[in-house]
Amino acid sequence: MNRVSQLDDQSGNDLHLVQASSGAQPNYESPFSTEDGGNADVPALNMDADRVMTNSGATTAQPNTYFVVLKPPASTGTTRRPFTCGNQQVITSGSANSWSIYAGSQPAFSEDIGSGWQIWEIIFDGSSSSWKINNVAKFSGQNAGTGTAGNLELGKATDSPNNYFAEFARYDGVLTTAEKTLIYNHLKRKWEHWGITF
């Protein structure tokens, strides 16, 4: 297995995601690897079962914007958190196909979003919080609370997320519509190069 002990932060802030315990390290899988049975469409981290990576990030006030390229976990009514960052969480919970974010309040939507590759744009910004999947709004102008960003935890050991991460980015401060469109289009072109569609 190709276990990953560190995922380097590309921002220059040295906020690398790490996992010292080999039993909790995610698998690196790619179309070029035969160890995963050829199930990986793109180079990605397999966060199955108890896999988790963390860093120690400074507390940062909202707004915070996340762009994530991933295969999400199934939403079956069991609480799962694909990632948490300080007091900000992304959650599957309650009834099946229920998705929410939380930073003191918990706006949600109900939909079977499938298990294919997706680009998530999640904005924690008090009463103006929003979530898009593949550039389609799931909710906007909702109150998620004022919880701050902080230590990042990718995958959640107690929640068995069973999902894949290909790319993860956080931006602090306000992004313009043009900037968000530029980031989304960049990610879409980059990962569709591997033959997947969003």
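Heads up: the structure comes first, above all this text.
Note that the coordinates shown come from a computational prediction; the quantities given were computed from them, not determined experimentally. (Residues numbered from 1 in each chain as written. Predicted model: local features only at pLDDT ≥ 70, side-chain atom pairs only at ≥ 80, totals over all residues. Heavy atoms only, no water.)

S.K.: I would appreciate a short explanation of the pairing of strand β8 (residues 88-92) in the present structure.
M.R.: Here is the key point about a regular strand: its side chains alternate between the two faces of the sheet. Burial within β8 is extensive, with five of its five residues counted as buried. In β8, alternate side chains face the same way, and those of Gln88, Val90 and Thr92 on one face and Gln89 and Ile91 on the other are all buried. Relative to β8, strand β7 (residues 83-85) is paired through two bridges, and the arrangement is antiparallel. Bridge pairing in β8 places Thr84 opposite Gln89. Linking two consecutive strands that pair antiparallel, namely β7 and β8, is a turn of two residues; a positive phi of about 60° is found at Gly86 within it. (Buried < 20%, exposed > 50% of the residue type's maximum accessible area, 1.4 Å probe, protein only. Helix = DSSP H or I, 4+ residues; strand = E, 2+ residues; numbered from the N terminus. Pairing = 2+ DSSP bridges.)

S.K.: What's the story with the sheet that holds strand β13 (residues 136-142) in this structure? I'm lost.
M.R.: The strands making up a sheet associate through hydrogen bonds between their backbones, and the pairing can be parallel or antiparallel. One open sheet accounts for seven strands, arranged β3-β4-β15-β6-β11-β12-β13; its pairing is antiparallel. Strands with a single pairing partner mark the edges of an open sheet, and in this sheet they are β3 (27-29) and β13. Strand-to-strand, the axes of this sheet are offset by a mean angle of 25°, without reference to chain direction. Where helix α1 (residues 177-192) meets the sheet, it contacts β6 (64-71), β11 (118-124) and β15 (164-172), and its direction lies at approximately 15° from that of β6. (Axes fitted to C-alpha atoms, helices over the stretch in contact; angles between N-to-C directions. Contact = heavy atoms within 4.5 Å.)

S.K.: Got a minute to help me understand the packing of aromatic side chains in this structure?
M.R.: Here a ring pair, both rings aromatic, is described through the centre-centre distance and the interplanar angle of the planes. In this structure the tally under the stated criterion is twelve aromatic pairs. Taken together, a centroid distance of 5.2 Å and an interplanar angle of 85° make the contact between Phe109 and Trp131 edge-to-face. On the criterion of sequence distance, the pair formed by Phe109 in strand β10 (residues 108-110) and Trp131 in strand β12 (residues 129-133) is long-range, its members being 22 residues apart. The burial state of Phe109 is the same as that of Trp131; both residues are buried. Here the aromatic cluster, defined as three or more aromatic residues joined through ring pairs, consists of Trp99, Phe109, Trp120, Trp131 and Phe139. Between Lys71 and the ring centre of Tyr164, over which it is positioned, the NZ or CZ distance is 5.7 Å. (Phe/Tyr/Trp six-rings, centres within 6.5 Å; stacked < 30°, edge-to-face > 60°. Lys NZ or Arg CZ within 6 Å of the ring centre and 35° of its normal.)

S.K.: I tried to follow α1 on my own but got confused; where do I start?
M.R.: Side chains of residues three or four places apart in an α-helix project in the same direction, reflecting 3.6 residues per turn. An ideal rise of 1.5 Å per residue puts 22 Å on 16 residues; α1 measures up with 22 Å between its terminal C-alpha atoms. Residues of α1 that are buried include every one of Lys180, Ile183, Tyr184, Leu187 and Trp191, and no others. Angularly, the buried residues of α1 cover 95° about the axis, an arc narrow enough to put them on a single face. What points out from α1, more than 90 degrees from its buried face, is the exposed set Ala178, Leu182 and Arg189. (Expected span 1.5 Å × (residues − 1). Arc of directions from axis to C-beta.)

S.K.: How do you make sense of the side chain of Gln25 when you look at a structure like this?
M.R.: By the element assignment, Gln25 lies in the loop between β2 (17-18) and β3. Owing to a relative accessible area of 9%, Gln25 belongs among the buried residues under this scheme. When residues no more than four places from it in sequence are discounted, the contact partners of Gln25 are Arg3, Val4, Ser5, Gln19, Ala20 and Arg51.

S.K.: Quick question: what am I supposed to make of the environment of Glu167 here?
M.R.: With respect to the helices and strands, the residue Glu167 is situated in strand β15. It is 11 Å that separates the C-alpha atoms of Glu167 and Val42, two residues lying 125 residues apart in sequence. With residues up to four places along the chain from it excluded, the contact list for Glu167 reads Phe67, Val68, Val69, Leu187, Lys190 and Trp191. Looking at Glu167, its side chain comes within polar contact range of the side chain of Lys190, at 2.8 Å. (Polar contact = N/O pair within 3.5 Å; in protein donor to acceptor, adjacent residues only side chain to side chain.)

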